[in-house]
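These are the residues of each chain, in order.
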Amino acid sequence: MVSPVTPKDLKLKVNGIERSIPTDCDTPLLYVLREDFGLKGTRFGCGTGGCGACTVIADGKAVTSCDLPASAFAGQTIETVETLATGGDHPLLTAVLKLQAAQCCYCLPGILMAAKALLDDDPSPTRERIVSALDGNLCRCGAHPRIIRAITEAAAETGGAK
Ligand code: FES
Ligand code: FES
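As the structure is a computational prediction, the values presented were derived from the model and not from experiment. (Residues numbered from 1 in each chain as written. Chains lettered and ligands numbered in written order. Predicted model: local features only at pLDDT ≥ 70, side-chain atom pairs only at ≥ 80, totals over all residues. Heavy atoms only, no water.)

Peer 1: How would you summarise the nonpolar core if you had to cite specific residues and measurements?
Peer 2: Residues Leu 92, Leu 112, Leu 134, Ile 147 and Ile 151 are the most contacted members of the largest nonpolar core, which totals 29 residues. Every element with two or more residues in this core is listed here: helix H2 (91-98), helix H3 (108-121) and helix H5 (144-158). Per-element accounting of this core gives the leading share, nine residues, to H3. (Core = buried A, V, L, I, M, F, W, Y, C linked by side-chain atoms within 4.5 Å. Buried < 20%, exposed > 50% of the residue type's maximum accessible area, 1.4 Å probe, protein only. Helix = DSSP H or I, 4+ residues; strand = E, 2+ residues; numbered from the N terminus.)

Structure follows, in structure tokens:
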């Protein structure tokens, strides 16, 4: 468990809420999110930075959260998949549900965060940019083609896909 706040605690903002972690916290961010902050949407896959299941957004960039200590994210703004359902469903959620884009959904939280980081940066990405943005996200079910269609549809909703 994360210990109570002390003056030496590091701060990070998670889904708009300021959180504190001990300065010496060497626990990977993924575990802190899931076990200490109760944000169970972010998934553990390989634990070595290779599958993308644990992808979150840190200061606007999609990053894996299993392979760096939470203290490495001090002062940063973190977004997890839960943010997509805050204040109404994000178009990405709407599109994957409408198109039933995923199969088992294990990869989906990470893929959605990689896609959100892309759309935040480029609201109307080309298909090539979408494919490239998902380069680090594996999907054992082979649902990438449908997921890419859903991201394209979400982009059309938010900014107009190219
Ligand atoms: S669980 Fe983090 S990259 Fe696989
Ligand atoms: S939908 Fe099953 S791993 Fe991607």
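Peer 1: Which residues make up a nonpolar patch on the surface, and what values go with them?
Peer 2: A cluster of nonpolar side chains, contributed by Tyr 31, Phe 44 and Tyr 106, occupies part of the molecular surface with about 280 Å² of accessible area. Mapping Tyr 31 onto the fold places it in helix H1 (residues 29-36). Taking relative accessible area as the criterion, Tyr 31 reaches 34% and is therefore assigned partly exposed. (Patch = residues over 30% accessible without salt bridge, like charges linked within 9 Å, V, L, I, M, F, W, Y side chains within 5 Å. Areas by Shrake-Rupley, 256 points an atom, 1.4 Å probe, with all protein chains shown as cover. Salt bridge = Lys/Arg side-chain N within 4 Å of Asp/Glu carboxyl O.)

Peer 1: If you had to explain the packing of aromatic side chains to someone new, which residues and values would you point to?
Peer 2: Applying the stated criterion across every chain, the model contains one aromatic pair. Consider the rings of Tyr 31 and Phe 44, whose centres lie 6.3 Å apart with planes at 40 degrees: the pair is tilted. Here Tyr 31, found in helix H1, pairs with Phe 44, found in the loop between H1 and strand S3 (56-58); they are 13 residues apart in sequence, far enough to count as distant. Taking the relative accessible area as the measure of exposure, Phe 44 reaches 36% and is therefore partly exposed. We note Arg 19 situated over the ring of Phe 37; from NZ or CZ to the ring centre the distance is 4.6 Å. One cation-aromatic arrangement involves Arg 43 over Tyr 106; the distance from NZ or CZ to the ring centre is 5.1 Å. (Phe/Tyr/Trp six-rings, centres within 6.5 Å; stacked < 30°, edge-to-face > 60°. Lys NZ or Arg CZ within 6 Å of the ring centre and 35° of its normal.)

Peer 1: Please provide a residue-by-residue account of the state of the cysteines, values included.
Peer 2: Scanning all chains against the criterion turns up zero disulfides. Cys 66 supplies the cysteine sulfur nearest to Cys 25, a cysteine that is in no disulfide, at a spacing of 15 Å. (Disulfide = S-S within 2.5 Å.)

Peer 1: I'd like a rundown of the sheet that holds strand S4 (residues 61-63), residues and numbers included.
Peer 2: Strands sit in the order S2-S1-S5-S3-S4 across an open sheet of five strands; the sheet is mixed. The open sheet has two edge strands with one neighbour each: strand S2 (17-21) and S4. The mean inter-strand angle of the sheet, taken between neighbouring strand axes irrespective of direction, is 35 degrees. Note that S3 and S4 share three bridges and pair antiparallel. Within S4, the residue paired with Val 56 across the bridge is Val 63. (Pairing = 2+ DSSP bridges. Axes fitted to C-alpha atoms, helices over the stretch in contact; angles between N-to-C directions.)

Peer 1: Tell me what's going on with the pairing of S2, and back it up with residues and numbers.
Peer 2: The pairing of strand S1 (residues 10-14) with S2 spans five bridges and is antiparallel. Looking across to S2, one finds that Leu 12 is bridged to Arg 19. A loop of two residues connects S1 with S2, the two strands running antiparallel in sequence, and Asn 15 in this loop sits at a positive phi of about 50 degrees.

Peer 1: Describe the packing of H3 against H5, naming the residues involved and giving the relevant values.
Peer 2: Where H3 meets H5, the axes come as close as 11 Å, and the angle between the chain directions of the two elements is 35 degrees. The interaxial crossing formed by H3 with H5 has right-handed handedness. On the side of H3, the interface is formed by Leu 108, Ile 111, Ala 115 and Leu 119, while H5 contributes His 144, Ile 147, Ile 151, Ala 154, Ala 155 and Thr 158. Here the contact of H3 with H5 is built from residues that sort into eight nonpolar, two polar and no charged. (Left-handed = near helix turned anticlockwise from the far one by under 90°. Contact = heavy atoms within 4.5 Å. Nonpolar A, V, L, I, M, F, W, Y, C, P; charged D, E, K, R; others polar.)

Peer 1: Any chance you could break down the pairing of S1 for me, citing the residues and the numbers?
Peer 2: Residues in a regular strand project their side chains so that they alternate between the two faces of the sheet. In the sheet, S1 pairs with strand S5 (residues 77-79) via two bridges, with the strands oriented parallel. Counted as the bridge partner of Val 14 is Ile 78 from S5.

By themselves, these are just geometric observations and shouldn't be taken as functional.
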